[in-house]
Amino acid sequence: MTSRPDLRHGERGVQGVQGVHRVNGVHGVHGVHGGHGGHGGHGGHGVPGEPPSGPPVTQLGAARITRVEDFLGLGFPPAAMFPAITPEHLSAEMAWLAPGYYDPVANQLRTSIHSWLVRTDRHTILVDSCIGNHKTRPSIDRFHQRNEPWLDRLNAAGAAPEDIDFVMCTHLHADHVGWNTRLDASGRWVPTFPNARYLFSRKELARWDPRIHGHVPRPINDNVFDDSILPVLEAGLVQEVDDGFDLDNLMRVEAAYGHTPGHVTIRLKSGAEEGVFSGDVIHHPIQVPHPTLCSVFDEDPALALQVRLAVLQDCAERDAWLFPAHFPEPHCCKIGEHGGRFSLRW
């Protein structure tokens, strides 16, 4: 493909997808799996009787969804991530929390950072682009000057960078935009997905643009605009979108402000099936039974809490799949609700 895709007319069908896992009800995404050394991914199973060939694929209606991992392992201590957390929060959930989601010996939460690759009969779409390589991120060591085979994992999922038609970023934090760009042979940051249109929330882009008067920097995003956002702006690949923007009558951008001023979720609706790519509305499974736990990275914790409660309630009422950006295995889930308390349905 030599030109950027049109919003309404597809240029390529679904290709290179094997090991399909069809979503119907709750079967197919099962309980907690053991960890692995940062390769591959979970969240689905192949067709019975067929050998696995690449990452599992989740089929939601006409869309095929594959997780592309950039990091899986131990992250922050609970109190560093959620300032209001108490030992009682952890002990109440320890039966399922450890060891898959929390390491009590290290006292660190287990976390994942991944993209969701979505293929429809029209387009190939990447939701969030993780940390990236060779980026200077002094505030978080595990983001800093990495050299990871994320592009190989994308290829294993059945897509080359040139195949991506749209990159949809839920927000513009360092761990959601890093693979927007890569270093070329001359050491310049260039778009990783040269044929894609990068869809950024208009409000979110304004929040992080240091050229706008009144910009307030945050250490988590040091250098991010210059190395992961500005190069795609200068390449003319960015399309600013607003609440309600619809792609293919299949994926809709929905305002989910709070974590950042322009954060969005992306609702995928195909036939009777629905899924919500929730970005950082919810960071960790412990926030499902305890949604009042707000992340230290939430810019407006009160608004972030309102949005989190709304997303959890929506998923529970509509029987929609939740596709978070940071849940460890099995990475996606459904949400139950009983007596005002939310629960995970793996």
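Residues numbered from 1 in each chain as written. Predicted model: local features only at pLDDT ≥ 70, side-chain atom pairs only at ≥ 80, totals over all residues. Heavy atoms only, no water.

**Student:** What is the right way to look at the sheet that holds strand β16 (residues 321–324) in this model?
**Tutor:** Pairing between sheet strands relies on hydrogen bonds along the backbone, with the strands arranged either parallel or antiparallel. Read across the open sheet, the 5 strands follow the order β12-β13-β14-β15-β16; overall the sheet is mixed. One side of each edge strand has no neighbouring strand; the edge strands of this open sheet are β12 (246–247) and β16. Sheet strands touched by helix α7 (residues 301–318): β14 (264–270), β15 (273–279) and β16. Its angle to β15, the strand with the most contacts, is close to 165 degrees. (Pairing = 2+ DSSP bridges. Helix = DSSP H or I, 4+ residues; strand = E, 2+ residues; numbered from the N terminus. Contact = heavy atoms within 4.5 Å. Axes fitted to C-alpha atoms, helices over the stretch in contact; angles between N-to-C directions.)

**Student:** Help me understand the pattern of salt bridges in this model?
**Tutor:** Proximity of charged atoms lets side chains of opposite charge pair with each other. For the structure shown, the criterion picks out 21 salt bridges. Where D314 meets R318, a salt bridge forms, and the shortest distance between an N and an O atom there is 3.9 Å. With D314 and R318 both in helix α7 and 4 residues apart, this pair spans about one turn of that helix. For R318, a relative accessible area of 42% puts it in the partly exposed group. Through salt bridges with shared partners, a single network forms among R252, E254, R267, K269, E274, D314 and R318. (Salt bridge = Lys/Arg side-chain N within 4 Å of Asp/Glu carboxyl O. Buried < 20%, exposed > 50% of the residue type's maximum accessible area, 1.4 Å probe, protein only.)

**Student:** Explanation requested: the pairing of β16 in the structure shown.
**Tutor:** As a general feature of sheets, a regular strand has side chains that alternate between the two faces. Both faces of β16 are covered, namely the face carrying W321 and F323 and the face carrying L322 and P324. As paired strands, β15 and β16 are joined by 4 bridges and run parallel to one another. By the bridge assignment, V276 is partnered in β16 with L322. This β-α-β element, β15 to α7 to β16, shows right-handed connectivity. (Right-handed = clockwise from strand over helix to strand, strands pointing away.)

**Student:** Explain the packing of aromatic side chains to me, please; I cannot follow it from the model alone.
**Tutor:** Two descriptors summarise a pair of aromatic rings, namely the distance from one centre to the other and the angle between the planes of the rings. This structure, assessed with the given rule, holds 11 aromatic pairs. Arranged with centres 6.2 Å apart and planes meeting at 75 degrees, the rings of W150 and F193 form a pair that is edge-to-face. A residue pair is termed long-range when its members are at least 10 positions apart, and W150 in helix α3 (residues 150–156) and F193 in the loop between β9 (189–191) and β10 (197–201) qualify at 43 residues. Residue class for W150 comes out buried when judged on its relative accessible area of 0%. Between Y198 and F200 the ring centres are 6.3 Å apart and the planes differ by 70 degrees, which places this aromatic pair in the edge-to-face class. Accessibility assignment for this pair places Y198 and F200 in one class, buried. (Phe/Tyr/Trp six-rings, centres within 6.5 Å; stacked < 30°, edge-to-face > 60°.)

**Student:** Any chance you could explain the pairing of β14 here in plain terms?
**Tutor:** Taking burial as the measure, the 7 residues of β14 include 6 buried ones, the bulk of the element. Bridging between strand β13 (residues 251–255) and β14 involves 5 bridges; their strand directions are antiparallel. Directly across from E254, in β14, lies its bridge partner T265. Here β14 pairs with β15 via 5 bridges, running antiparallel. Directly across from R267, in β15, lies its bridge partner V276. Hairpin remark: β14 followed by β15, antiparallel, with 2 residues in the connecting loop; positive phi at G271, about 60 degrees.

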